[in-house]
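Each chain is listed here by its residues.
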Amino acid sequence: MLGVLLLLSPAFAWEHTGWYWPSESFPLAWYFDPDPLEDSLPLDADVQRAIIQTSWENWPEAAPCAGLSDEYQGDVNIESRDGDDLRSTFHWEDELDEQETGTLAVTYTTTNGRGTKTANGKVYFEVRDSDIVFNNDVDFGTTEDIGAGICNGESPVESVATHEIGHLLGLAHSCEDGAACTDLDLQEATMYWAASGCDLSGNTPNSDDITSINAVYGVFGSFEATTPRSGPAPLDVTFAITSEADVVSASWQFGDLTTGESVAPTADIITHTYEKSGSYSVSADIVLNDPICGTTTYPQTEIGYVLACTEPVPEAGADGFFQLQASDGLRWQVINRTDMGTYGCVDTIQWEVYEGSKVDPAKLVDFDGDGEGDPIGAFAPIIDFPAAGTYTVLMNVGGPGGLSAGSLTIDVVELGDGSTVAGCGTSTPITAAAASLAGLLAVRRRRS
Ligand SMILES: [Zn+2]
């Protein structure tokens, strides 16, 4: 199982922070707190502001179908950022020197706690305020200077601002510091964790950045099951793709070593039958077409998405049926060998103990003396019989595959101290229908 999981590629290469701006927030209002950056060339406020404006525009230029826009609101002059003033402010320097050496800039975001968007199984919270602060202890260089070759290791301020605006919009790093990152597309992304001196490539979001921003704001497609994805095998599961764009086609990997293609006119839907018991991961490469965005492919993987189960078998195991072993006095230990091989396929086990040699609802043993029979919920309980005699022990085992039951009739004798005897009885597997007819206490699980 683990081996299979390791072979799967991650759902998406990029990451999101989990916050976003609802569509009514656009154009995004921003403020500017001008200051000279101590270690850099002195720039006047107009130049500083223009760099931020250009950095904003780098996103819609690269990803026109994301619908991004912004609007400068004016300057503010404050000592330190206020994360709750509902003003997204760019602080051109870190006036209180809060930032560590090596940090280029930081984006501080607060959300209003409303998770109003779900995409690809993840909840996104609405941004309330997002402030960006540049570290004044860094030597920054302008695009103009670096482009003209006037650079002695300075960090590219426009790239850094574009990266931080990516965070403000909800993008996380394409690769974190220390993470194994062999994909060049991720290393060259604007959202890569670090920026190299004298390198302007981060000014232009690359394909990884563009897919990432489109997944939050632009054209995007994702699938989900529209029929139950847990149930008895064989299990038919229908997967449907939702997108604002046209779904051109999709290539599917169903996780049971079979693949499929959905094509027009029903490219957005496919049904697959899971024949065998198992937990399955499902992947799709979804091809979309949009007049502005053109044709794009979005990959999606859902781990352990489908659970198909055969009916649980209470008597599985090397020695056949479950057994009872006398331990002391009237105390007996249940030995249960139910097959738990597919995780999730057995989710309920319940025992009922009846006086006599058959399942008789009127004779369910009342262990706690409250006048009502007591089923026992445990995998392999210890049963304290109330007296010597003949008993029938019924086991109910249930899961997405259904309910089944088996019974065992035993003669309980009181044992002396320390002596034990093996359970002597006859075992009779009975069908679920028989169990529920015989005892109304049989466990039933319904699944939608
Ligand atoms: Zn960052």
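**Topic: the sheet that holds strand 10 (residues 230-232)**
As summarised here, the arrangement of the five strands in space is 10-16-15-12-13, forming an open sheet in which the pairing is mixed. A strand with exactly one partner marks an edge of an open sheet, and here the two such strands are strand 10 and strand 13 (259-263). On average, adjacent strands in this sheet sit at an angle of 25° to one another, irrespective of strand direction. Looking at chain direction, strand 12 (residues 246-253) and strand 15 (residues 278-290) are connected through seven bridges and run antiparallel. Following the sheet pairing, Gln 253 is matched in strand 15 by Ser 283.

**As for the sheet that holds strand 14 (residues 269-274)**
Across the sheet, which stays open at both edges, the three strands sit in the order 9-11-14 with antiparallel pairing between neighbours. Of all strands in the sheet, those with a lone pairing partner are strand 9 (221-225) and strand 14, marking the two edges. In this sheet, neighbouring strand axes are inclined to one another by 25° on average, regardless of whether the strands run parallel or antiparallel. Summarising the sheet, strand 9 and strand 11 (residues 235-243) pair through five bridges and their orientation is antiparallel. The residue bridging Ser 222 from the neighbouring strand is Thr 242, located in strand 11.

**Digging into the nonpolar core**
Residues Ile 213, Ile 286, Val 306 and Val 393 are the most contacted members of the largest nonpolar core, which totals 92 residues. Ignoring sequence-local partners within four residues, the contact set of Ile 286 consists of Gly 221, Phe 223, Ile 241, Val 247, Ala 250, Thr 297, Tyr 298 and Gln 300.

**A few points about helix 4 (residues 157-169)**
Between its first and last C-alpha, helix 4 extends 18 Å over 13 residues, near the 18 Å set by a 1.5 Å rise per residue. Summarising burial for helix 4: 13 of the 13 residues are buried, a large majority. The first or second residue beyond helix 4 is Gly 170, which carries a positive phi of 120°.

**So, the pairing of strand 3 (residues 70-75)**
Across five bridges, strand 2 (residues 28-33) lies against strand 3 in parallel orientation. By the bridge assignment, Phe 32 is partnered in strand 3 with Asp 75. Read as a crossover between parallel neighbours, the route from strand 2 over helix 2 (residues 45-62) to strand 3 is right-handed.

**Digging into the environment of Ile 165**
Looking at the element boundaries, Ile 165 is found in helix 4. For Ile 165, a count of 27 C-beta atoms within 10 Å puts it in the buried group. Note: C-alpha distance between Ile 165 and Thr 107 (58 residues apart in sequence) is 8.0 Å. Residues in contact with Ile 165, not counting those within four places in the same chain, are Ser 55, Trp 56 and Trp 59.

**Some details on unusual backbone geometry**
With an omega of -5°, the peptide bond between Ala 233 and Pro 234 qualifies as cis. Checked against the element boundaries, Pro 234 lands in the loop between strand 10 and strand 11. The amide bond that connects Ala 264 to the next residue, Pro 265, takes the cis arrangement and shows omega of 5°. Following the sequence through the fold, Pro 265 ends up in the loop between strand 13 and strand 14. Positioned with a positive phi, Leu 86 is a non-glycine residue whose angle comes to about 60°. Turning to its location among the elements, Leu 86 is positioned in the loop between strand 3 and strand 4 (89-91).

Each value, and the rule that gives it
Residues numbered from 1 in each chain as written. Predicted model: local features only at pLDDT ≥ 70, side-chain atom pairs only at ≥ 80, totals over all residues. Pairing = 2+ DSSP bridges. Helix = DSSP H or I, 4+ residues; strand = E, 2+ residues; numbered from the N terminus. Axes fitted to C-alpha atoms, helices over the stretch in contact; angles between N-to-C directions. Core = buried A, V, L, I, M, F, W, Y, C linked by C-beta atoms within 7 Å. Buried ≥ 20, exposed ≤ 12 C-beta atoms within 10 Å, placed from the backbone. Contact = placed C-beta atoms within 7 Å. Expected span 1.5 Å × (residues − 1). Right-handed = clockwise from strand over helix to strand, strands pointing away.

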